[in-house]
Each structure stands twice: as C-alpha cells, then as structure tokens.
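# A closer look at the structure
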Protein chains: 2
Amino acid sequence: MFFFHFIGHALRRQTAGQFGPDLAKKLSQLVKMEKNVMRSMELVSRERMEVAHQVSVWGEACDEDVSDVTDKIGVLLYEIGELEDQYIDRYDQYRVTIKSIRNIEASVQPSRERMYLTFDSYLICKGSDKALGKQKLIDHITQLKCKDPNSSKVMVLEQELVRAEAESLVAEAQLSNITREKLKAAFTYQFDALREHCEKVALIAGYGKHLLELIDDSPVTPGEARATYDGYEASKAIIQDCEDALTCWVKDQAKVDVNLSSRAQALSMRRRSTIRNHDKGHDLTNQDLPMDHYSWGRDSNQKSDMYEEQFEDVEEASVERHPQAFRETDSCPETIVA
Amino acid sequence: MFFFHFIGHALRRQTAGQFGPDLAKKLSQLVKMEKNVMRSMELVSRERMEVAHQVSVWGEACDEDVSDVTDKIGVLLYEIGELEDQYIDRYDQYRVTIKSIRNIEASVQPSRERMYLTFDSYLICKGSDKALGKQKLIDHITQLKCKDPNSSKVMVLEQELVRAEAESLVAEAQLSNITREKLKAAFTYQFDALREHCEKVALIAGYGKHLLELIDDSPVTPGEARATYDGYEASKAIIQDCEDALTCWVKDQAKVDVNLSSRAQALSMRRRSTIRNHDKGHDLTNQDLPMDHYSWGRDSNQKSDMYEEQFEDVEEASVERHPQAFRETDSCPETIVA
C-alpha cells in the first residue's frame, strides 16, 4: 500500500508542469510537490491523533498511575496532532503565495512570446535569442532608412518594435517585483509558522517529561503492593500549565534565538545597505516621474488572479483540506484549547 | 491514491492485534499504528527533500539574488528533511521500547492462564474472576481439611495452589516493573528526540529568515536595473552559522524551557516523595532478603525477547527503514553536516 502511495506521487510529479506556459513549469511542479508534502503531513497528523487515543486506551487497563499518566500523554500527543493540522493550514497559505509567483510567470509568458513574434514576423531573428533578434531588427531598420528615409515600412517597423518592447519591459518589471515580494512573503510566512509550530511542540515534549515523573517505577517484589497513587491533581496541573504555555506563546518572545555571527551580520548589513542605497539613488533620480513604483506590483496582482484557473487540475480541486469523512474517524481522549 | 493509502492503514489497524495473546492486544495495535506514523513521516521527509531540490532548480533561472537565496533555502529545507529522517530513526527506538512492554505482556499471559487453569481443573471458579476463584479454592481446601485433615487430595491441591500463585505473583511483579521502566524510558526517549528535533528545525527556520533579507525586494520601474548582488558571502556565512548552531545544540541547553507553575511543582514533588518514601520503607523492611529487586526487570528482559517473533507479521518484516530504491531518487542540492 505504501508503494502505491509513493507511485501515486511519482506519477503526479511526472504529469505536473506539463500544462501551463513554459516559464511557469518549474514552479507548477513545486506547487504540486508542496501539495504532496501537505497530504503526507495530514496523514501524520491524523495518525498521531489515533496513536494518542490508543495510548490512552491501553493505559486504561493498567494501574492507576500508569492509567492516569498515559491518559494525559494521550492528551499531549493529540494536541501535537492538532498543532500539526494548524501548521498544515499555514503551509497551505505559503503554497498559495508561491502559486501567485507561478501565476505572474504564466502571465508574463504571452508578452515575451509577442516580443519574439514581432521579430519573427520579419523573419529576422528566427532561432536567435531576444537581444540578438532586437539588434538585427534595429540593423534592418537602419538599412531601410538609408535606402529610403521616408519609407512607410520603416515607420511601421519602428512602431511595432516600440510597442512590443514597452509591453515586454513592463511585464519583466512586474515579474521581477512580484516574484521578490511574494517569494519573501511566502518563506517568511512558512519559516514563522514552522518556528511557532516547533517551539510549541517542544513545549509539549517538555511537559510530557514532567508527566513521566508521576509514574512509580521503583521495582516491587512479587506480592508487594505499590504506594497509592496521589498524582491526579499533579497531572491535571501539568496539563493546565502546558495549555497556558501554548496559549501564551508569542512570536516576539520565541525561545530559540537565532543570532548571526559578527561576520554574517556584517555581510548581511553590507548587502542590505547596497539594496537601500540603490533604492535611494533611484528614488532621487526618478522623483519627478508621475509613476508609482508600487503600482507595478498591485496591477499585476489583480492580473495574476486571471491565470489561476489554468493550473487547477481536476484532482487538486476535488481534494478538500478537511475531508469530513476522515475527521469523523478521529477520536479524541480530551482536547486542549490552545 | 491518497484514499488507497488511508484504507491500507485502516485495514492494518483492523487486523493488528488479532494475533498474539489477549493481554498484549492493545499494545500490539499501538505498535502497528506507530509503524504507520513512521511511514507517513518518511513520506514527508522524502518529499521535503524533493521540494528543497525543486526550490533550488526553480531559482536557478532567476536573477542572481533570487538564485543564490533560493539555492540556500533549498539547503536548509533539505537539512530539515534530513533531521526528520534522523527523528524517525529515534522514533523507531521509542517504538521498539513500547514493543518490549507488549512482549512482557504476552509472556505473562501463559502464567495467568495457568493460574485460572489450576482453579478450573477443580471446576471451582469457571466463569468467576481470579480473586473469587482463589477464595473458592481455599474454601474448598478448608472443607476437605475439616472432613479429613490427612487427605492426600488436600495436599495435592495446596501444593498446586502455591505453585500457581508463586508463578503468577512473579509474573505480575515482572509485568508491573518492566511496564513502568519501559514506558518511562520509551516516552523519555520520544520526548527528548522530539524536543531536539523541534529546536533544531526552529533554528533552521530562524536562519532561513535571515537569508530572505538578502533578496532585493525594492520595486523597480520598467527597464530599470537592480543593484548588483553582493550577498554570496553573506548567504554562505548564514549557512555556516546555521551549521554551527545545529552542531553545537546540546540537550542540557535546550532553549524552550518548560517551567512548571508553583502549584504543579508542589503537587509533583508530593507525588515523587510518596514514591520515594514507599520505596524507602520497603527497602528497610526487606533489607535482609537476598533477592535483588532489579533482577525482576533483568530476568524478564531476556525472557521477553523470546516473544518477539510471534508478533512480526510478514509485511512488517519485509519493509526496511531505508529502502535503497527510494533513496536513490533523492537529489540533494547541498548538504549540511550536522
């Protein structure tokens, strides 16, 4: 069965990216692969909840201390499953943002093609690259101009060249701006979600270890009775502490600090100041232009939505994030509201 | 395909625990379910590595800054996949420890059955519980003694009762000791592994965010060139910092501290002192006994290995942790040695 599942993914991988424009091929494939990751994470999450239930069910028949502690461990494991489920929702947000880069890539493709087409229609640059084609077209226009400065053919050629170039330049700027904006947004979102998820699960693991202390693991001789279990309140208090810690978790007080070495810090600062200075210089030289830089991003955001449908294959559309049929099979020993 | 996989697990769940003694049924099922979790985690790990590769492949065709940063993000994502793989290995250790509880449960079953059989052979306690059966047998012996104090039947009955009781008491003590010892060991191992994994992944997420700062996301106007990329050294330094942080991670300096509230702390301490006091009292009263408590654990550890085979179904035995056929399809953009 495991093999089937794997082959299933392998097949999807092969077909992924075989639709949609060439430029967006690689990202189309990435988006499909991320869907596979999400599906597998959903399996882990669901199975973790089932394990949580089973740990609790097994413990029921044991002595009081083992029974209580395994029941509470079941609660913690179930909570991990729930956190995994929440993380998948956020992972989907990341994936949707990556999709928007794929969409702008797909939307830029036609203007690139028109640019080539303009040259091709004069049979100048067939098989050549864009820059070479453009140069040849300019040379061709110059030649025509020398022969007859008032040729109507020259004017038509020049107008077409200007139009195609303008469209292409705008499209490429949109692609550059949106790709960077969305790439940064997508991975910022993904890394933030990952950090939050990991820190919360690490917290749960810590509280789980406190629970284990309540088990009486001192060995007994045959026939000897164990001390009466007096840990019910303690285990409840630990679960309560865990719940509070999860609720109080805030990103700004993330425990796992990531400090760069002074070298990495200096190099990163140099890079950021390069970006800032270039941007500042640019702002000054273009201060009289009526054009708002940010409009490139905004305009194409709207446009890129139009390209959404062409990538949605039937399979993807038919799979819901939370299939109710599966959710009903989940059984929860107890739930933390975090 | 997803459905097939799920049904596959559902079927395994139904058949799991239908072999092996009754006592070990629930844990047998848990052990099977944990195998499912491991398989799904393996899928996530493998697919994460594929995603890492694809992010890097996509970025290749982009501008220098995007290309370099996505390549390094690929390295980090691949590292997460590798950490997940290591975590699965440790998860398997946890599962093997849970299995050893299942084995002692299975090994205790025959002595419980013999205890019942002893009573049953005299048709005294058919359908009754153990304690009641034992009481009835004792009453029966008392009656026989009153009739004829020197009856040979009484002697045989008494000897059989003592033998069955002794065997059962030893078996139950072994079960109690080993269950607690192994349960604590299994979940301590699992929670430690989980905490280490989570803290390391949180570290990687943090370094990933530093990488994103190197992308020039200031918007450009059509035809405008971006600042030359000067972040190669910075991105390398960030990856190096990340590598160092992962290598230097030690459990004792775990960043996500789990502090109990004073109430939970007090209650846990009360519980631990109950265990300690009972254990101490027991040690004093039994100080002259030649029997080493710990030998119960050790003896049955050896015995429990004998029960290993009966639970291994063909499927489980045939699936390797690291199938080479799959590993070959993994492609790694670059690897951190952590």
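Residues numbered from 1 in each chain as written. Chains lettered and ligands numbered in written order. Predicted model: local features only at pLDDT ≥ 70, side-chain atom pairs only at ≥ 80, totals over all residues. Heavy atoms only, no water.

### Side note on the overall build of chain A
In terms of regular secondary structure, chain A is built from 10 helices and zero strands. In chain A, the succession of helices and strands from N to C terminus is α-α-α-α-α-α-α-α-α-α. Every one of the 338 residues in chain A was classed for burial, and the buried ones make up 51%. Considering only intrachain contacts with a sequence separation of at least 6, the fraction spanning at least 24 residues in chain A is 80%. Accessible surface for chain A amounts to roughly 15600 Å². Of this, 53% is attributable to carbon and sulfur atoms. (Helix = DSSP H or I, 4+ residues; strand = E, 2+ residues; numbered from the N terminus. Buried < 20%, exposed > 50% of the residue type's maximum accessible area, 1.4 Å probe, protein only. Contact = heavy atoms within 4.5 Å. Areas by Shrake-Rupley, 256 points an atom, 1.4 Å probe, with all protein chains shown as cover.)

### Description of the pattern of salt bridges
Considering all chains together, one arrives at 30 salt bridges over all chains under this definition. With a closest N to O distance of 2.6 Å, D63 of chain A and R180 of chain B form a salt bridge. Residue D63 of chain A is found in the loop between α2 (25–60) and α3 (64–120), and its partner R180 of chain B is found in helix α5 (residues 152–212); the two belong to separate chains. According to the relative accessible area criterion, D63 of chain A is partly exposed, its value standing at 43%. The buried category is assigned to R180 of chain B, whose relative accessible area is 2%. One salt-bridge network, held together by shared partners, links D63, D65, D230 and E233 of chain A together with R180, R270 and R271 of chain B. (Salt bridge = Lys/Arg side-chain N within 4 Å of Asp/Glu carboxyl O.)

### Some remarks on the relation of the copies chain A and chain B
Once chain A has been moved 0.0 Å along the axis and rotated by 180°, it coincides with chain B to within an RMSD of 0.1 Å. Those values place the two copies in the arrangement expected of a two-fold rotation axis. Residue C198 of chain A, judged by its C-alpha, is the member of chain A lying nearest the rotation axis, at 2.3 Å. Take the interface residues of chain A: 100% of them recur as interface residues in chain B, which is what a same-surface contact looks like. (Least-squares fit on C-alpha atoms with pLDDT ≥ 70 in both.)

### Some words on the state of the cysteines
Residues and elements named next belong to chain B. Tallied over the full model, the rule gives zero disulfides over all chains. The thiol sulfur of C248 is not disulfide-bonded, and the nearest other cysteine sulfur, from C242, lies at 11 Å. C248 gets classed as exposed once you look at its relative accessible area, which sits at 56%. (Disulfide = S-S within 2.5 Å.)

### Quick look at the packing of aromatic side chains
One pass over the full model with this rule turns up 10 aromatic pairs over all chains. A centroid spacing of 5.7 Å and a plane angle of 35° characterise the contact between F187 of chain B and F191 of chain B, whose relative ring orientation is tilted. Of this pair, F187 of chain B and F191 of chain B both sit in helix α5, separated by four residues, roughly a single helical turn. Accessibility classification places F187 of chain B together with F191 of chain B in one group, the buried group. Every member of this aromatic cluster is reached through a ring pair, and the members are Y87, Y91, Y94, F187 and F191 of chain A. Taking the ring centre of Y189 of chain A as reference, the NZ or CZ of R90 of chain A above it sits at 5.4 Å. (Phe/Tyr/Trp six-rings, centres within 6.5 Å; stacked < 30°, edge-to-face > 60°. Lys NZ or Arg CZ within 6 Å of the ring centre and 35° of its normal.)

### A look at the packing of helix α5 (residues 152–212) of chain A against helix α6 (residues 232–248) of chain A
When two helices pack together, you describe them by how their axes are tilted relative to each other and by the distance separating the axes. Residues and elements named next belong to chain A. As a packed pair, α5 and α6 sit with axes 10 Å apart at the nearest point and diverge in direction by 170°. Taken together, the axis directions place α5 and α6 in an arrangement best described as roughly antiparallel. Where α5 crosses over α6, the handedness of that crossing is right-handed. Of α6, the residues touching α5 (which contributes K200, L203, I204, Y207, H210 and L211) are S235, I238, I239, D241, C242, A245 and L246. Tallied by class, residues from the contact of α5 with α6 come to nine nonpolar, two polar and two charged. (Axes fitted to C-alpha atoms, helices over the stretch in contact; angles between N-to-C directions. Parallel < 35°, antiparallel > 145°, perpendicular 65-115°, else oblique. Left-handed = near helix turned anticlockwise from the far one by under 90°. Nonpolar A, V, L, I, M, F, W, Y, C, P; charged D, E, K, R; others polar.)

### Overview of the interface of chain A and chain B
Facing 122 residues of chain A, the contacting portion of chain B comprises 122 residues. A combined buried area of about 12000 Å² lies between chain A and chain B, and 67% of that area is made up of carbon and sulfur atoms. Summed over the shared surface of chain A and chain B, the number is 16 salt bridges. Residue D230 of chain B is joined to R270 of chain A by a salt bridge in which the shortest nitrogen-to-oxygen separation is 4.0 Å. Inspection of the chain A/chain B interface yields 37 residue pairs in polar contact (both at pLDDT 80 or more). Elements supplying a minimum of two residues to the side of chain A that touches chain B: α1 (2–15), α2, α3, α5, α6, α7 (262–285) and α8 (294–305) of chain A. (Buried area = accessible area lost by both parts, 1.4 Å probe. Polar contact = N/O pair within 3.5 Å; in protein donor to acceptor, adjacent residues only side chain to side chain.)

### A few points about the side chain of S176 of chain A
Mapped onto the fold, S176 of chain A is located in helix α5. Residues in contact with S176 of chain A, not counting those within four places in the same chain, are D63, V220 and R226 of chain B.

### With respect to the environment of Q190 of chain B
With respect to the secondary-structure elements, Q190 of chain B resides in helix α5. Residues Q190 of chain B and Q93 of chain B, spaced 97 residues apart in sequence, show a C-alpha to C-alpha distance of 8.3 Å. For Q190 of chain B, the contacting residues outside a window of four places in its chain are L77 of chain A together with Y87, Y91 and Y94 of chain B.

### Here we look at the UniProt feature "coiled-coil region" (unreviewed entry) in chain A
The feature "coiled-coil region" (unreviewed entry), as given by UniProt, occupies residues 154–181 of chain A in the numbering adopted here. Helix makes up 100% of residues 154–181 of chain A and strand 0%, whereas the separation of the span's terminal C-alpha atoms amounts to 40 Å. (UniProt positions renumbered as here; feature names shortened; annotations may be inferred.)

### Side note on the nonpolar core
Residues F187 of chain A together with F187 of chain B are the most contacted members of the largest nonpolar core, which totals 125 residues. Discounting residues that sit within four places of it in the chain, F187 of chain A has contacts with Y94 and I98 of chain A together with V55, I73, L77 and L212 of chain B. (Core = buried A, V, L, I, M, F, W, Y, C linked by side-chain atoms within 4.5 Å.)

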